[in-house]
Amino acid sequence: MKQILYWTQLVYDNWKLFMAATSNGLCYVGSQDKPFEEMGIWVKKHYPGSQLVQDVTVMQPYVDEFKEFFQGKRNSFTIPQELKGTKFQTDVWNALCKIPYGETWTYSDIATVIERPSAVRAVGAAIGANPVLLTVPCHRVIGKNGKLTGFRGGLEMKEQLLKLEQGNHINR
């Protein structure tokens, strides 16, 4: 039996991105302003043989939390997620979720948190494989020198997210 992945496109204010979920939870959040094909390619690789079905109703709880995040009304997510990755990747993704809203950590900080201080490059690769932008906040990771570094959604999206959080963090 083919697995069904439900999808929708979130369009809110100046944000436009695709997202998908299995019956277990959110499994993919796309990059800002990227085409449907980005999600389609990811799904073929990680859920081969599955079927993408557009379903606004199933996806509404996910959309609602993202809108609340963009409005500054939410600083963490409670929606269920289904993350497929290696043990190392999931360790890194869990560490990312410990970064407080409105703050940034370095790749070295993440490596230290997972007790693999010499695995900074591998941490970077695991962060790059994060399938759910925002809910696993990889945008909160910066270079050791304090500069913005790689981000699947692009540095402009990363900068927008950090500004959004830092602006809302001050108002809390």
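The protein chain is annotated in an unreviewed UniProt entry as Methylated-DNA--[protein]-cysteine S-methyltransferase of Neobacillus driksii.

(A) Expanded view of the sheet that holds strand E3 (residues 25–29). If you walk across this open sheet you meet the four strands as E3-E2-E1-E4, and the pairing is mixed. Either end of the sheet is taken by a strand with one partner, and the two such strands are E3 and strand E4 (51–54). Each neighbouring strand pair of the sheet contributes to a mean axis angle of 35°, computed without reference to strand direction. Across four bridges, the pairing between strand E2 (residues 15–22) and E3 is antiparallel. Counted as the bridge partner of Thr22 is Gly25 from E3. Here helix H2 (residues 56–70) sits on the sheet and contacts strand E1 (4–12), E2, E3 and E4; the angle it forms with E1, its principal contact strand, is near 40°.

(B) Main features of the state of the cysteines. As enumerated under the stated definition, the model contains zero disulfides in all. Note on Cys27: no disulfide assigned, nearest cysteine sulfur contributed by Cys138 at a separation of 15 Å. The cysteine Cys138 is free of any disulfide, with Cys97 supplying the nearest cysteine sulfur at 9.8 Å. A relative accessible area of 4% places Cys138 in the buried class.

(C) Representation of the nonpolar core. Among the nonpolar cores identified, the biggest contains 41 residues, and Met19, Phe66, Val92 and Leu96 are the most heavily contacted of them. Of all elements in the fold, only E2, E3, H2, helix H3 (87–96), helix H4 (107–113), helix H5 (120–128) and helix H6 (155–170) reach the threshold of two or more residues within this core. Broken down by element, this core gets its largest block of residues, six residues, from H2. If sequence neighbours within four positions are ignored, Met19 has contacts with Tyr6, Trp7, Thr8, Leu10, Leu26, Tyr28, Val29, Met39, Met59, Tyr62, Val63 and Phe66. In terms of nonpolar packing, the next biggest core, distinct from the first, is built from ten residues, Phe18, Trp42, Val43 and Tyr47 among them.

So, how was this worked out
Residues numbered from 1 in each chain as written. Predicted model: local features only at pLDDT ≥ 70, side-chain atom pairs only at ≥ 80, totals over all residues. Heavy atoms only, no water. Pairing = 2+ DSSP bridges. Helix = DSSP H or I, 4+ residues; strand = E, 2+ residues; numbered from the N terminus. Axes fitted to C-alpha atoms, helices over the stretch in contact; angles between N-to-C directions. Contact = heavy atoms within 4.5 Å. Disulfide = S-S within 2.5 Å. Buried < 20%, exposed > 50% of the residue type's maximum accessible area, 1.4 Å probe, protein only. Core = buried A, V, L, I, M, F, W, Y, C linked by side-chain atoms within 4.5 Å.

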